[in-house]
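Observations on the model geometry
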Amino acid sequence: MTIDTKTLTELKEALLTEKAELESNLGRIAKPTDGEYVTTFDEVGNDREDNATEVEEYTDNLPVEQALEKKLHEVNAALARMENGTYGFCDNCKQEIAIERLQANPSAQTCIKC
Ligand SMILES: [Zn+2]
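Bear in mind the structure is a predicted one, so any value in this text is a computation, not a measurement.

**Some thoughts on the overall build of the protein**
Helix and strand counts for the protein come out as three helices and two strands. The helix and strand sequence of the protein, counted from the amino end, reads α-β-β-α-α. The 114 residues of the protein split such that 26% are buried. Within the protein, contacts between residues separated by at least 24 positions form 55% of all contacts whose residues are at least 6 apart in sequence. Carbon and sulfur atoms make up 50% of the accessible area of the protein, which amounts to about 7700 Å² in all.

**With respect to the coordination of the zinc ion**
Surrounding the zinc ion are the protein donor atoms Cys90 (SG), Cys93 (SG), Cys111 (SG) and Cys114 (SG), which sit 2.3 to 2.4 Å from the metal. For the zinc ion, the four donor atoms in the first shell make angles of 104 to 117° at the metal, a pattern classed as tetrahedral. Counting residues between consecutive donors of the zinc ion along the chain gives the motif C-x2-C-x17-C-x2-C. Of this pair, cysteine 93 sits in the loop between α2 (48-84) and α3 (99-104) while cysteine 111 sits in the segment after α3, and the two are 18 residues apart along the sequence. Residue cysteine 93 is classed as partly exposed on the basis of its relative accessible area of 30%.

Reading the values: rules and limits
Residues numbered from 1 in each chain as written. Predicted model: local features only at pLDDT ≥ 70, side-chain atom pairs only at ≥ 80, totals over all residues. Heavy atoms only, no water. Helix = DSSP H or I, 4+ residues; strand = E, 2+ residues; numbered from the N terminus. Buried < 20%, exposed > 50% of the residue type's maximum accessible area, 1.4 Å probe, protein only. Contact = heavy atoms within 4.5 Å. Areas by Shrake-Rupley, 256 points an atom, 1.4 Å probe, with all protein chains shown as cover. Donors = N, O, S within 2.8 Å, 3.2 Å for Na, K, Ca; no water. Tetrahedral: all angles 85-135°; square planar, octahedral: opposite > 155°, others 65-115°.

Here you go:
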């Protein structure tokens, strides 16, 4: 691999920061259950308007939660690839991913062409 140690360390730090942010965002809208995140839907008030608002928030949170979880999986996968030395290679064509692309998106799994 052609990524130097300094850049790799920076990318790893970026991934770990992103992971912590994703987990804290997920923690705000969801609760971990058996390792998976389930959107919370508690504190349903008795007031009809309150309930309507909470149902709206609940449905609004679902796509956000799914997007966050997907991203978290990508970040974890990137960290795992760093561990086993396959980080920085395109999942599709197995060519090296441009360093600029990794710096813009450290969890990128494919090269710019794919
Ligand atoms: Zn590729």
